[in-house]
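Inside the fold
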Amino acid sequence: MKKSTIILTSMLLVLLLAGFGYSADVKKGIHVGNAGAFTGDAAAPCMEIYNSAQIAVDEWNARGGIQGVKVKQIMGDDAMDPAQGVNVAHKFVADKLMYGVIGPPMSHIAQATMKIYGAADLACITTAASKPELTEQGYRHFFRVNARNDAHGWNCALFMKKFLHAKRVAIVNEKTAYNVNMAKETIAGLKKLGITDILQETIVGGAKDYSAVLTKVKAFKPDVLFFVATTAPDQAIGVRQARELGIKAVFFGTEGARDKKDFIAAAEGAAEGAYVYHFAPDIYAIAEAAGYVKKYESTYGVLSGFGPPAYEAMNILLTAIDRAAADGDITRKEVVDQLHAIHNYKGILGFPVSFDKKGDLEGGATYFFKVVGNDFKQVAVMTGK
Amino acid sequence: MNIYLEQLPQQLINGLTLGGVYALIAIGYTMVYGILGMLNFAHGEIYMIGGFTGWWVLHLLTRNNQVIMNSALVISLMIVLAMAVSGLVGILTERFAYRPLRNAPRINLLLSALGVSIFLQNLVLTYQGAKVRVFHIASLIPQDLRVFHVGSTVFSFMRVMVISVTFLLMALLTVVIKKTKVGKAMRATAQDIEAATFMGIDVDRIVVVVFLIGSALGGAAGTMVGLLFTQVDYYVGFQAGLKGFTAAVLGGIGSIYGAMLGGILLGLAESLAVTFLPSAYKDVVAFTILIIILIIRPQGLMGEKIPEKV
């Protein structure tokens, strides 16, 4: 064979591989990634996500895996830092046996890594990132099993108006992508509903002292204090310092606050009567989830609410991988296509999961809870109306 | 305008508490800088270790959410043990990370300090985990003593305690430095380390004392912040260290009274900035003040212009 022919053939081969993606025999192995902040302030919810996804993986493996191949979940720790999130993404993309990723659960990390996963056609299912723009950029690989911020923001505004009968609202939000957006969408919703007496203030998460901002809130005399912060420990400080300063307003916390240990117990009584919203319903009330709940709680302790969507997401991802691998051969793009084909998946969340064209969850709902004693009691569901 | 006046007393209390804590941290920075001319970037971690020590003392003295001893005794033990542990860690870092480099270029010391900071942070992360530790203080103070009102201003017991202990510690330090032999030796060493050696001062011992005192105050601050804001995790040292360092520079690095003043000013500036401006500008205001002061007085508020040594 002539030298030039060899060069030409190898170039063509490279082009083929690059152009059509990497196609592999399933038997070589199947990896799924889990990207999240497994160290730092959000370690607890992220570990809950990881462990719940692992339960789903273990169940699939116990049933014989996919095409007889055992699935392996790989952890990628971003420590809430976008730069480290990018490292995780590169690592996952470089792993030729990886066909999908659960996460990243935080909007700012999801945004930072969007292009990397997208260029590699590596499917991502986030279980918590709710910034609307994430699915507005034309990427096909990104899905979410949680509702978007704009859905939550509007639903929270509805809840404050209809359920809490608010007239003056103070919104204190952390300065991160997720929280800034949540505050923005909620304020837009409140104004639409005719509530215009709004005070917005910001905090830096993890600072542990919010008394200066809360003193200002107290002088505003709101009916409702909407505290938009990521982690349960920060929410606990928020409610504690608000009560210490004598703020009488209803305390309304965001998703992260739905944590019995780090919010209710950590606030030592100050959280009594507070409200929180969450994207997932009371999992204990759903019969289909009983098996998962039992498995989780017998091994890892109390669930906070971040786990169930992760269990669901992993099951959906593995279903898509299973279908993509049905012919014994699998590509990442096939997995993405199979995820787009998921329709009315009946899992443990209490509603059938379908994705719309953008990868968003269809008909997402927002659930509201009240702190009663040492537990959360579901008091309302808002579905945009 | 009324809405601002209404908040003012409360914000002063908020600022004074925060400022006292900043001051305690700043003293550690400034004392080390005064003598060795180095920025001890591991100081924030010493503060964090003080917080963890306090948490463990409280945790070990609590059964079924009830402290098993007199509250005053528990709080004293927390502060004293946090000071002891932090002081010890400070001495150890000096002995193993800084003393071997005493005569090396300053930049080596700085790198060593950064290394110690990362080492201590990860040590705590490894052995204590990443989860936030909550100080369960409800049983320390009876419900009816926890807060008291003067007009619309709320004083919490913890704030009053923190402010008092902070000022007590600062007063003690002043006495030590002004009235005792060790204090005199410290001042001499800070002025000229070589001349101090010629005068028969055991400089190594003085450096150890400086690290002990500075670190102990940092540890006290760590535990008191734990009692006040009820949480500690392995990462709190970073932000606290940054604020303490800023306070030290603001007051004039090397000057102990400057550190006290700088800390309190920084705390007050942050609280008052929130009162009059959107809270997003809190740090902007604090650091703008720092920059302005450094432009007008490059040596800081109470720092002395050090003449070039020939």
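How each quantity is defined
Residues numbered from 1 in each chain as written. Chains lettered and ligands numbered in written order. Predicted model: local features only at pLDDT ≥ 70, side-chain atom pairs only at ≥ 80, totals over all residues. Contact = placed C-beta atoms within 7 Å. Helix = DSSP H or I, 4+ residues; strand = E, 2+ residues; numbered from the N terminus. Nonpolar A, V, L, I, M, F, W, Y, C, P; charged D, E, K, R; others polar. Buried ≥ 20, exposed ≤ 12 C-beta atoms within 10 Å, placed from the backbone. Pairing = 2+ DSSP bridges. Axes fitted to C-alpha atoms, helices over the stretch in contact; angles between N-to-C directions. pLDDT = per-residue confidence, 0-100. Parallel < 35°, antiparallel > 145°, perpendicular 65-115°, else oblique. Left-handed = near helix turned anticlockwise from the far one by under 90°. Domains from an automatic or database assignment.

**Topic: the interface of chain A and chain B**
One frequent convention defines the size of an interface as the accessible area lost when the parts assemble. Facing 29 residues of chain A, the contacting portion of chain B comprises 31 residues. Elements supplying a minimum of two residues to the side of chain A that touches chain B: helix 2 (43–62), strand 8 (197–203), helix 7 (211–220) and helix 8 (232–244) of chain A. Per-element accounting of the side of chain A that touches chain B gives the leading share, 6 residues, to helix 7 of chain A. Among the residues forming the side of chain A that touches chain B, the class breakdown is 11 nonpolar, 8 polar and 10 charged.

**Concerning the environment of Asp283 of chain B**
Residues and elements named next belong to chain B. Note on placement: Asp283 falls in helix 12 (residues 282–296). Owing to 17 C-beta atoms within 10 Å, Asp283 belongs among the partly exposed residues under this scheme. Asp283 sits 17 residues away from Leu266 along the chain, and the two C-alpha atoms are 9.8 Å apart.

**Overview of the pairing of strand 4 (residues 147–150) of chain B**
Residue and element names in this part refer to chain B. In this sheet, strand 5 (residues 153–156) lies alongside strand 4 in antiparallel orientation, the contact comprising 4 bridges. Residue pairing for strand 5: Val150 is matched across the bridge by Thr153. Counting the residues in the hairpin turn of strand 4 and strand 5 gives 2 residues, including Gly151, whose phi is positive at 60°.

**Quick look at the sheet that holds strand 5 (residues 123–126) of chain A**
Residues and elements named next belong to chain A. A sheet is described by the order of its strands in space; here 5 strands give the open sequence 3-2-4-5-6, paired in parallel fashion. Edge positions in the sheet fall to strand 3 (71–77) and strand 6 (142–144), since each of these pairs with one other strand and no more. Averaged over all pairs of adjacent strands, the angle between their axes in this sheet comes to 25°, without regard to strand direction. Of the pairings in the sheet, the one linking strand 5 to strand 6 comprises 3 bridges and is parallel in character. Looking across to strand 6, one finds that Cys124 is bridged to Phe142.

**Some thoughts on the confidence of the model for chain A**
Residues and elements named next belong to chain A. With 94% of its residues at a pLDDT of at least 70, chain A reaches an overall mean of 91. Highest mean pLDDT in chain A belongs to strand 10 (residues 250–253) (98); lowest belongs to helix 1 (residues 3–20) (57). Counting contacts from residues 15–20, a segment whose pLDDT is below 50, to residues more than four positions away or on other chains yields 1 contact.

**Remarks on the environment of Ser112 of chain B**
All names here are of chain B. Structurally, Ser112 is set in helix 4 (residues 106–128). The exposure class assigned to Ser112 is buried, which follows from the 21 C-beta atoms found within 10 Å. Along the primary structure Ser112 and Gly251 are separated by 139 residues, whereas in three dimensions their C-alpha atoms are 25 Å apart. Apart from the residues within four sequence positions on either side, Ser112 is in contact with Ala97, Tyr98 and Leu101.

**Topic: the packing of helix 10 (residues 236–251) of chain B against helix 11 (residues 256–276) of chain B**
Residue and element names in this part refer to chain B. Running from amino to carboxyl end, helix 10 crosses helix 11 at an angle of 120°, the nearest separation of the two axes being 7 Å. The angle between the axes of helix 10 and helix 11 places the two elements in the oblique class. The hand of the helix 10/helix 11 crossing is right-handed. Between helix 10, through Lys243, Thr246, Ala247, Ala248, Leu250 and Gly251, and helix 11, the contact on the second element is made entirely by Gly258, Ala259, Leu261, Gly262, Gly263, Leu265 and Leu266. Classifying every residue of the contact of helix 10 with helix 11 by side-chain character gives 7 nonpolar, 5 polar and 1 charged.

**As for the packing of helix 2 of chain A against helix 10 (residues 290–300) of chain A**
Residue and element names in this part refer to chain A. Interhelical geometry of helix 2 versus helix 10 gives an angle of 125° and a closest axis separation of 11 Å. Overall, the two elements helix 2 and helix 10 adopt an arrangement that is oblique. In the crossing of helix 2 with helix 10, the sense of the turn from one axis to the other is right-handed. Along its contact with helix 2, which presents Asn51, Ser52 and Ile55, the element helix 10 presents Tyr292, Lys295, Tyr296 and Tyr300. The residue inventory of the contact of helix 2 with helix 10, partitioned by class, reads 4 nonpolar, 2 polar and 1 charged.

**Examining the domain arrangement of chain A**
Residue and element names in this part refer to chain A. Assigned domains within chain A: domain 1 (8–147 + 286–354) and domain 2 (150–278 + 367–382). The C-alpha centroid of domain 2 is placed 31 Å from the C-alpha centroid of domain 1. Counting from both sides, the interface comprises 15 residues of domain 1 and, opposite them, 18 residues of domain 2. Breaking the side of domain 1 that touches domain 2 down by element, the ones donating at least two residues are helix 2 and helix 4 (107–119).

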